[in-house]
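This is what each chain is made of:
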Amino acid sequence: MNDPYLCPKCKTNRTRFHRIVQQVEPVKLSPQTGEIVETYSEDSLDAFHMPYRGPSIRIQCGACGLNEAEDTFVAFARNNQFQ
C-alpha cells in the first residue's frame, strides 16, 4: 500500500479510507438449510468449484462509502495527480 488513493466517486477524498482484507473460505452449502456441508482448501477444490480470482484487498472511501477494488482507487489517483 505505497500508492496514493483518490476516490473515483466523490473525487476529493485522498486521505480517509477503509482497507478491507478479504479471506477466502471455499465451502459447500446444503441447499435446504444453508449450513456448511464441507470446507475445502484452495488446493483441494472439486471439479465443480472454481478457485477465487477476485481482489484480496478492497477499499472503501471514508467520505462517500464507495467500495471497490484497490486498483480502482490507485488508477484514479494516478490519472488525477496534484497539479
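Per an unreviewed UniProt entry, the protein is named DNA alkylation repair protein, and its organism is Shouchella clausii.

Grouped together as the largest cluster of nonpolar side chains are 8 residues: Tyr5, Cys7, Ile57, Ile59, Cys61, Leu66, Phe73 and Val74. For this core, the secondary-structure elements that each account for two or more residues are strand 4 (57–61) and helix 1 (70–79). The leading source of residues in this core is strand 4, at 3 residues. Ignoring sequence-local partners within four residues, the contact set of Leu66 consists of Cys7, Pro8, Lys9, Ile59, Gln60, Cys61 and Phe73.

With that out of the way, let us pick up the environment of Ala75. Residue placement: Ala75 occurs in helix 1. Judged by relative accessible area, which is 36%, Ala75 ranks as partly exposed. C-alpha of Ala75 to C-alpha of Ala63: the two residues are 12 residues apart in sequence and 18 Å apart in space.

Reading the values: the criteria
Residues numbered from 1 in each chain as written. Predicted model: local features only at pLDDT ≥ 70, side-chain atom pairs only at ≥ 80, totals over all residues. Heavy atoms only, no water. Core = buried A, V, L, I, M, F, W, Y, C linked by side-chain atoms within 4.5 Å. Buried < 20%, exposed > 50% of the residue type's maximum accessible area, 1.4 Å probe, protein only. Helix = DSSP H or I, 4+ residues; strand = E, 2+ residues; numbered from the N terminus. Contact = heavy atoms within 4.5 Å.

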